[in-house]
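# Structural characterization, general
This is what each chain is made of:
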Amino acid sequence: MSSSSTPPDQDPRTPAAEPDRRGVTLQRAAAGVREGLGRAGTFLSTPAGRTEPLLARAPKRWMRLMPIIAALGFVATLIPVTTQVLTNDYGVNGGLAGALGVAQAAPLLLAVSRPLAAWCILIVADVIGAIVTLSMGHDRPAPWTAMIIVGYVVVCLLLSLRESRRTLLGIWLVTVVVSLVLGAFRDDGGQDTSVLLIVLSGVALLLGALLRERGDAQRRLIEQETISEAERAQRTLLEERARIARELHDVVAHHMSVITVQADSAPYRLDGLPDAAREEFGSIAASARESLTEMRRLLAVLRSEDTPGERSPQPGLSRLPHLVEATVRAGIPIDLSRPELSVLTQLADVTPAVDLSAYRIVQEALSNVMRHAPGAHTTITVTLDEEHLLILVVNGPPTETPDSLEHSGTGHGLVGMRERVRLVGGTVDAGPLPDGGFRVAAQLPLLKKDSGTA
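Just so it is clear, the structure is predicted and the values come from calculations on it, not from any experiment.

Of the regular secondary structure elements, the chain holds 13 helices and 5 strands. Within the chain, the proportion of its 454 residues that are buried is 35%. In the chain, the proportion of contacts linking residues at least 24 apart, taken out of those at least 6 apart, comes to 73%. Accessible surface computed for the chain: about 26,600 Å², of which carbon and sulfur atoms make up 60%.

Our focus in this paragraph is the nonpolar core. In a soluble, globular protein the nonpolar side chains are often hidden away together inside. Within the largest apolar cluster, 32 residues are counted, with the highest numbers of intra-cluster contacts made by Trp119, Trp144, Tyr152, Val155, Leu159 and Ile171. Taken together, the elements giving at least two residues each to this core come down to helix 2 (61-88), helix 4 (107-111), helix 5 (115-136), helix 6 (146-160), helix 7 (165-183) and helix 8 (194-269). Here this core gets 10 residues from one element, more than from any other, and that element is helix 6. In contact with Leu159, other than residues within four places in its own chain, are Pro115, Leu116, Trp119, Leu168, Ile171 and Leu205. Among the nonpolar cores identified, the runner-up in size contains 28 residues, and Val324, Val421, Leu444 and Leu446 belong to it.

Moving on, we come to the UniProt feature "transmembrane region" (unreviewed entry) in the chain. Taking the UniProt record as the reference, the feature "transmembrane region" (unreviewed entry) is found at residues 65-86, 92-111, 116-136, 142-161, 168-185 and 191-211. Here residues 168-185 is 89% helix and 0% strand, with 27 Å between the C-alpha atoms at its ends.

A few words on a nonpolar patch on the surface. A surface patch of nonpolar side chains, about 420 Å² in accessible area, is lined by Leu65, Ile68, Ile69, Leu72 and Leu109. In terms of residue count, helix 2 provides more of the nonpolar patch than any other element does, 4 residues in total. When you line up the elements, Leu109 lands in helix 4. Taking relative accessible area as the criterion, Leu109 reaches 37% and is therefore assigned partly exposed.

Moving on to the packing of helix 5 against helix 6. The interhelical angle for the contact between helix 5 and helix 6, taken along N-to-C directions, is 160 degrees, at an axis separation of 10 Å. In terms of orientation, helix 5 and helix 6 fall into the roughly antiparallel class. Of the two possible hands of crossing, helix 5 and helix 6 adopt the one that is left-handed. Facing helix 5, whose interface residues are Pro115, Leu116, Trp119, Leu122, Ile123 and Asp126, helix 6 presents Ile148, Gly151, Tyr152, Val155, Leu158 and Leu159. Here the contact of helix 5 with helix 6 is composed, by residue class, of 10 nonpolar, 1 polar and 1 charged.

Conventions we followed
- Residues numbered from 1 in each chain as written.
- Predicted model: local features only at pLDDT ≥ 70, side-chain atom pairs only at ≥ 80, totals over all residues.
- Heavy atoms only, no water.
- Helix = DSSP H or I, 4+ residues; strand = E, 2+ residues; numbered from the N terminus.
- Buried < 20%, exposed > 50% of the residue type's maximum accessible area, 1.4 Å probe, protein only.
- Contact = heavy atoms within 4.5 Å.
- Areas by Shrake-Rupley, 256 points an atom, 1.4 Å probe, with all protein chains shown as cover.
- Core = buried A, V, L, I, M, F, W, Y, C linked by side-chain atoms within 4.5 Å.
- UniProt positions renumbered as here; feature names shortened; annotations may be inferred.
- Patch = residues over 30% accessible without salt bridge, like charges linked within 9 Å, V, L, I, M, F, W, Y side chains within 5 Å.
- Salt bridge = Lys/Arg side-chain N within 4 Å of Asp/Glu carboxyl O.
- Axes fitted to C-alpha atoms, helices over the stretch in contact; angles between N-to-C directions.
- Parallel < 35°, antiparallel > 145°, perpendicular 65-115°, else oblique.
- Left-handed = near helix turned anticlockwise from the far one by under 90°.
- Nonpolar A, V, L, I, M, F, W, Y, C, P; charged D, E, K, R; others polar.

Written out as structure tokens, the structure reads:
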């Protein structure tokens, strides 16, 4: 036997249960209305598309304020004009005319930052205004007044600068439908303004969309060029570091080879070495040979496929005269000033890294002269003090058109200079001169081999 919560003498379908059902229905309807109003409020308070107002990223303050000032100008003009026209020409009550003027003009202020929300308010106010003017039955332009057309076109322009194509197409279709429906109720004596609003709003939406897309394309192009320039600079830096590492391979390999030879020959050169010392020298030689093998593998990774094998010894400052002679034959007059040979022999105690870096700095400076200042008179000055090697390369303005000569060099120029100077702990200063020339000044520390830094 089944039990039921309903008394036996009361059927759920009796009129006594109807009030409860109506109460539930009313509660659901109220909840739906509250939810709809909440969504509408969220929609109206949330910016559409971009979150910042129009021209918010402009560099000048007056540029950022210009949209607001223009909107205020339209509002201040349209409200009194709408009120006066509706009252005098259409016979609308003064209070209703003023309310319609505010409702149709005030959304222009909201359109500066939230154009889609402003359009939703404006289309409702314009439809109400059109119904009011149509109901008055005067022989006047209908269904849209001139003020409605002006305000609506302004909002369409602001919409086109912020919203997507799909949204703009939907807005225009709504405009077409509403205009045609309201135009059907117009008196035959008045001028039909529905087609005028359709055409002007379509032109405004299309023109604004084209301007916005063109601006977006230019902005993306600038951003891409900036990214490409940064990537190009980073790639140049990495390529130059790899080139420096390949050149320093000879320097480090020489030291490792010396360690290997000394460790291998020590048991034969030194008499009376204990077995433990012999084993230690053998371990040192084995570690040095293993390090050389690993260096060769690293060099193979750093060397690109199209880079030829580097067999010749790395140059130093002793080869500066040969470099200057080759550059002079290319049409660059050069004056070389360097220490006397007796002083220059002090460089024999300088680390090969400093010697190589000094030569490459002069080489890069001369390459830049040939590329950017062909024919310019150039002065190279190399001096020594107790702690530093000083290099100064100064060239004057070009005497020939740069395009008249074939470009040469690595193309990395100042990047390579800075990386080489940073490698040995020196400094470099490079920059243009007032007369159109260029100056490169490098200061490299004279790190001696016996100082433990080599």
